[in-house]
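The chain contents come next:
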Number of protein chains: 2
Amino acid sequence: MARTTIKDIARECGVSLSTVSLVLNNNPRISESTREKVLSSVRKHEYQPNTFARSLASQSSRSLSVIVPHLNHVFADTYFGEIVSGIYEHATSLGYKVMLEMANRHFIQTHEYLNLLKTKRVDGLLILGSSVHDEYLKDLAASNYPYVLVNHYFPGRSMNYISADYITSARLAANHLLDHGHRHIGMLSGTTTNTALDFRDHFTKACMEGGVAKENLYWSDGWFTEQGGFEGAQWLLDRYPEMTAIMAGNDKMAIGAMRHIARRGLKVPHDISVIGMDDVAAAEFANPSLTTIRHDLYQIGAKSVEALLVLFRKEAELVQQTLPVELVVRESTGPVRTAS
Amino acid sequence: MARTTIKDIARECGVSLSTVSLVLNNNPRISESTREKVLSSVRKHEYQPNTFARSLASQSSRSLSVIVPHLNHVFADTYFGEIVSGIYEHATSLGYKVMLEMANRHFIQTHEYLNLLKTKRVDGLLILGSSVHDEYLKDLAASNYPYVLVNHYFPGRSMNYISADYITSARLAANHLLDHGHRHIGMLSGTTTNTALDFRDHFTKACMEGGVAKENLYWSDGWFTEQGGFEGAQWLLDRYPEMTAIMAGNDKMAIGAMRHIARRGLKVPHDISVIGMDDVAAAEFANPSLTTIRHDLYQIGAKSVEALLVLFRKEAELVQQTLPVELVVRESTGPVRTAS
DNA sequence: AGCGCAAGTTAAAACGCTTGACCCTCGGGG
DNA sequence: CCCCGAGGGTCAAGCGTTTTAACTTGCGCT
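Keep in mind the model is a prediction, meaning the values are calculated, not measured.

Undergrad: What is the right way to look at the relation of the copies chain B and chain A in this model?
TA: One copy of the chain maps onto the other through a rotation about an axis plus a displacement along that axis. Each copy superposes on the other: chain B lies on chain A with an RMSD of 0.1 Å after a rotation of 180° and an axial shift of 0.1 Å. Taken together, the turn and the small shift mark the pair as related by a two-fold rotation axis. Identified as the residue of chain B closest to the rotation axis by C-alpha distance is Phe 52 of chain B, at 2.5 Å. When you check the interface residues of chain B against chain A, 100% turn up at the interface there too, and the contact is symmetric in its surfaces.

Structure below.
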């Protein structure tokens, strides 16, 4: 039952503890012959160093924390799921462990996010789904510990981030709808993230440049969920029957909106065009399949890990990167309906 | 920069290290006055014990590992996501940390799953998405370490598990379709899990008891994904045009199947009824909304944590539990089409 | 006065590893 | 022939806790 420790290996090989440890850490001071002897004994016993002892002694854990927002069933959200997948797969391939944390009140009030770093329990933080109200992020920015905001940012503050290009997204979406002749457009989104706010501003701007009157742009605030999209679409359609297109802040909202439109007995895209954002797997299999702006969330996750490594290695003080996006045209958008 | 340790607290309070440690672990041997003194100092310094040191010394980590299968983008799968959410939220509310592991080749070949337990890096394992081919599970069953199979089982082997009731699910689904007059039914599922196999057997049995000829039951094997459902539906419809209903092994397959049916120019449920399983959020927002067998995945996750605790406390040798299911009727199923 | 005992506290040995300082041995240069 | 330095190893002091056995008191008995 007693686990084999570094001591057992040392005894078997007739060397000291230190030697074994040095071999395990690829220290070049050990001769090739000793190294081989130790390694073969390690293999023979399937020896695995004790992580706790290692971390305690070395004051570093070779692991990182993913901070997800405090939402119910948050791991069931494909948006976060895609990003976490990208993070997890990339980080583990680089030998980093991934820990999960949820940014609930306790986590924030006890400064757990700083404690994780101070106690060296993790080497860095990857923060998902932060909102404009997350004041605690200021402490992080000031702290000099490695962290990256994932698919979010704060204009004007110098914080590390990796994000999709929401500004180009806005232009692509707007132009696509304009090209189809839409001049009465609803927007369905939240106001809790800077990305959504940036998106709205640039979408509005692009629409107006394309000849849409400001009063023909309709806005509905809501949760980034199917339910939020459903209710938002209802609200907009009740008020603005002249509306011919809906731009949703993400694919889930778009799918919720389409559901409501179907319920109402209207057809997408014949009566109303719908465009989403992200291009999660569900977009392709929606009925009708969803036109959307593709954000490579998996890639965003992977790049965030990369950014963290840059910070670990002190190759940069600040990492800010915007990733390209792409319009994916499917069935849910089409020419504006003939005036009825 | 130097973190405050137990030593600092001890010095400040004029007591020994042991006393502080005992206070922190709620040992009743310490007097109320000393306890208060220590605790107030702890609060003052926002002292947090070092997890590594604690785990190393106590040989227990108050944490558990979730093992997910080695699939691409696995965290973006709402099936796993729901379960992980249930696990995470329940475990953290009980003071347990949750670690993520992926059952890839390295993980299995190096016996990492056993090492995690041997080195006490985690106290128990929660295994998701295991398949009939996962031979390594035998080692676990033999090992006497705490683990629970989540929503899977091996008939005949005495392994711990928590699972939805796939047998009742099968009867509910079959009877629902039979009630609507369906007598030519396709099944879309995988063959890699015992739950799916059990489901198939009992679905078949129920259908035959309901008067469906065996040769009018069609089977298509495939991945548990939208794409798998899409292709499976195509395969079935190409071969069996007389088919009027499709039972899918999960909601994602059902949604993929509906997508294919729409592509083919057919209507759900007018031409083909479709029923899914799980009742993930997407089921309600599909077009048409999906009739399905509800498995409370979140609850399954939470119960699995509960089961692990029972094993920790040695209150039972073996934990096997089957959770109730429910038919949720929505729009995707209806009476059989009139013969054409 | 002496004893036993309970309650409260502490000393010290782990836990398994890392790491900087130190030590030995040899070969070569002065 | 001695000294020096490089290469290869080892020593031992941590890292920050837990935990067991042992040590004080003070008190009530006899």
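Undergrad: Looking at this model, I keep getting lost on the nonpolar core. Mind explaining?
TA: As a rule of thumb, soluble globular proteins bury nonpolar side chains together. One finds Leu 125 and Phe 203 of chain A together with Leu 125 and Phe 203 of chain B to be the most contacted residues of the largest nonpolar core, which totals 147 residues. Per-element tally for this core: the top contributor is helix α14 (residues 297-312) of chain B, with eight residues.

Undergrad: Is there a simple way to explain the interface of chain B and chain A in this structure?
TA: Size of an interface, as often reported, equals the accessible area lost when the parts are brought together. Listed by partner, the interface residues are 55 residues for chain B and 55 residues for chain A. For the pair chain B and chain A, the two sides together bury roughly 4,900 Å², of which 57% comes from carbon and sulfur. Summed over the shared surface of chain B and chain A, the number is six salt bridges. Counting across the chain B and chain A interface gives 22 residue pairs in polar contact (both at pLDDT 80 or more). Counting residues per element, the ones that place at least two in the side of chain B that touches chain A are α4 (51-58), α5 (78-93), β2 (97-103), α7 (112-118), α11 (226-239), α12 (251-263) and α13 (281-285) of chain B. Its residues assigned to classes, the side of chain B that touches chain A comprises 23 nonpolar, 17 polar and 15 charged.

Undergrad: Sorry, what's going on with the environment of Glu 284 of chain B here?
TA: Its location among the elements puts Glu 284 of chain B in helix α13. Glu 284 of chain B gets classed as partly exposed once you look at its relative accessible area, which sits at 41%. In sequence terms Glu 284 of chain B and His 202 of chain B are 82 residues apart; their C-alpha atoms lie 26 Å from each other. Excluding anything up to four places from it in sequence, Glu 284 of chain B contacts Arg 259 of chain A together with Ser 289 and Arg 330 of chain B.

Undergrad: Teacher, can you tell me more about the sheet that holds strand β12 (residues 326-328) of chain A here?
TA: Through backbone hydrogen bonds, the strands of a sheet pair up, either in parallel or in antiparallel fashion. All names here are of chain A. One open sheet holds the six strands; their spatial order is β7-β6-β8-β9-β10-β12, and the pairing between them is mixed. On the outer flanks of this sheet lie β7 (217-221) and β12, each paired with one strand and no other. The average undirected angle you get between the axes of adjacent strands in this sheet is 20°. Note that strand β9 (residues 273-278) and strand β10 (residues 291-294) share four bridges and pair parallel.

Undergrad: Just to check I follow, could you spell out the protein's contact with DNA strand C for this structure?
TA: In the vicinity of DNA strand C lie 26 residues, with Ile 6, Ser 21 and Tyr 47 of chain A together with Thr 19 and Arg 29 of chain B positioned nearest. Counting only atoms of DNA strand C within 4 Å of the protein, the sugar-phosphate share comes to 60%. A distance of 2.9 Å separates a base nitrogen of DNA strand C from a polar side-chain atom of Ser 18 of chain B. In the environment of DNA strand C, a phosphate oxygen lies 2.5 Å from a nitrogen or oxygen atom belonging to the side chain of Thr 19 of chain B. At the level of secondary structure, the elements contributing two or more residues to the surface near DNA strand C comprise α2 (17-24) and α4 (51-58) of chain A together with α2 (17-24) and α4 of chain B. With four residues, α4 of chain A is the single largest residue contributor to the surface near DNA strand C. Taken together, the residues of the surface near DNA strand C sort by class into eleven nonpolar, twelve polar and three charged.

Undergrad: Just to check I follow, could you spell out the protein's contact with DNA strand D for this structure?
TA: In the vicinity of DNA strand D lie 28 residues, with Ser 18, Thr 19, Arg 29 and Thr 34 of chain A together with Ser 21 of chain B positioned nearest. In DNA strand D, atoms within 4 Å of the protein come 61% from sugar and phosphate. Ser 16 of chain A is positioned with one of its side-chain polar atoms (N or O) 3.1 Å from a phosphate oxygen of DNA strand D. A distance of 3.2 Å separates a phosphate oxygen of DNA strand D from a polar atom in the side chain of Asn 25 of chain B.

Undergrad: Mind showing me how you'd approach the pairing of strand β3 (residues 124-128) of chain A here?
TA: Residues and elements named next belong to chain A. β3 sits mainly inside the fold: five of its five residues count as buried. Of the two faces of β3, the one lined by Gly 124, Leu 126 and Leu 128 and the one lined by Leu 125 and Ile 127 are each fully buried. Pairing between strand β1 (residues 63-69) and β3: four bridges, direction parallel. From the neighbouring strand, Leu 64 faces β3, where its bridge partner is Gly 124. For the segment spanning β3, helix α8 (residues 137-143) and strand β4 (residues 147-150), crossover handedness is right-handed.

Undergrad: Would you mind going over the sheet that holds strand β10 (residues 291-294) of chain B with me for this structure?
TA: All names here are of chain B. The strand order β7-β6-β8-β9-β10-β12 describes an open sheet built from six strands, whose pairing is mixed. The strands lining the two open edges of the sheet, one partner per strand, are β7 (217-221) and β12 (326-328). Averaged over all pairs of adjacent strands, the angle between their axes in this sheet comes to 20°, without regard to strand direction. Bridge count for strand β6 (residues 185-189) against strand β8 (residues 245-248) is four bridges, and the pairing is parallel. Bridging from a neighbouring strand, Gly 186 pairs with Ile 246 of β8.

Undergrad: Whenever I open this one, the packing of α5 of chain B against α14 of chain B confuses me. Can you help?
TA: Two numbers describe a pair of packed helices, the interaxial angle and the distance between the axes. Residues and elements named next belong to chain B. Axis separation between α5 and α14 bottoms out at 7 Å; the angle between their running directions is 45°. Taken together, α5 and α14 sit at an angle that is classed as oblique. In this structure, α5 crosses over α14, and the sense of that crossing is right-handed. Side by side, α5 and α14 meet where Tyr 79, Glu 82, Ile 83, Ser 85, Gly 86, Ile 87, Glu 89, His 90 and Ala 91 of the first sit next to Leu 297, Tyr 298, Gly 301, Ala 302, Val 305 and Glu 306 of the second.

Undergrad: Honestly, the side chain of Thr 333 of chain B in this entry has me stumped. Any pointers?
TA: Residue and element names in this part refer to chain B. Within the secondary structure, Thr 333 sits in the segment after β12. Here Thr 333 falls in the buried class, since its relative accessible area comes to 8%. A distance of 2.8 Å separates the side chain of Thr 333 from the side chain of Thr 291, its partner in a polar contact. Thr 333 has contacts with His 176, Leu 177, Pro 269, Ser 273, Val 274, Ile 275 and Thr 291, leaving out every residue within four places of it along the chain.

Undergrad: Can you help me understand the pattern of salt bridges in this one?
TA: Taken as a whole and assessed by the stated rule, the structure comprises 30 salt bridges over all chains. Here Arg 11 of chain A makes a salt bridge to Asp 8 of chain A, at a shortest N to O gap of 3.7 Å. Highlighted residues: Arg 11 of chain A and Asp 8 of chain A, both in helix α1 (residues 6-13), separated by three residues, approximately one helical turn. Residue Arg 11 of chain A is classed as exposed on the basis of its relative accessible area, which comes to 59%. A salt bridge links Asp 279 of chain A to Arg 294 of chain A, with the shortest nitrogen-to-oxygen separation between them at 3.4 Å. With Asp 279 of chain A in the loop between β9 and α13 (281-285) and Arg 294 of chain A in strand β10, this residue pair connects regions lying 15 residues apart in the sequence. What makes Asp 279 of chain A buried here is its relative accessible area of 14%. Residues joined in a network through salt bridges with shared partners are Arg 259 and Arg 263 of chain A together with Glu 331 of chain B.

Undergrad: Where do I start with the pairing of β9 of chain A in this structure?
TA: Residue and element names in this part refer to chain A. Summarising burial for β9: six of the six residues are buried, a large majority. Pairing of strand β8 (residues 245-248) with β9 involves three bridges; the strand directions are parallel. Among the inter-strand pairings, Met 247 is bridged to a residue of β9, identified as Ile 275. Between β8 and its parallel partner β9, the chain crosses via helix α12 (residues 251-263), and the hand of that crossover is right-handed.

Here is what the cut-offs are and how they apply
Residues numbered from 1 in each chain as written. Chains lettered and ligands numbered in written order. Predicted model: local features only at pLDDT ≥ 70, side-chain atom pairs only at ≥ 80, totals over all residues. Heavy atoms only, no water. Least-squares fit on C-alpha atoms with pLDDT ≥ 70 in both. Contact = heavy atoms within 4.5 Å. Core = buried A, V, L, I, M, F, W, Y, C linked by side-chain atoms within 4.5 Å. Buried < 20%, exposed > 50% of the residue type's maximum accessible area, 1.4 Å probe, protein only. Helix = DSSP H or I, 4+ residues; strand = E, 2+ residues; numbered from the N terminus. Buried area = accessible area lost by both parts, 1.4 Å probe. Salt bridge = Lys/Arg side-chain N within 4 Å of Asp/Glu carboxyl O. Polar contact = N/O pair within 3.5 Å; in protein donor to acceptor, adjacent residues only side chain to side chain. Nonpolar A, V, L, I, M, F, W, Y, C, P; charged D, E, K, R; others polar. Pairing = 2+ DSSP bridges. Axes fitted to C-alpha atoms, helices over the stretch in contact; angles between N-to-C directions. Near = heavy atom within 4 Å. Right-handed = clockwise from strand over helix to strand, strands pointing away. Parallel < 35°, antiparallel > 145°, perpendicular 65-115°, else oblique. Left-handed = near helix turned anticlockwise from the far one by under 90°.

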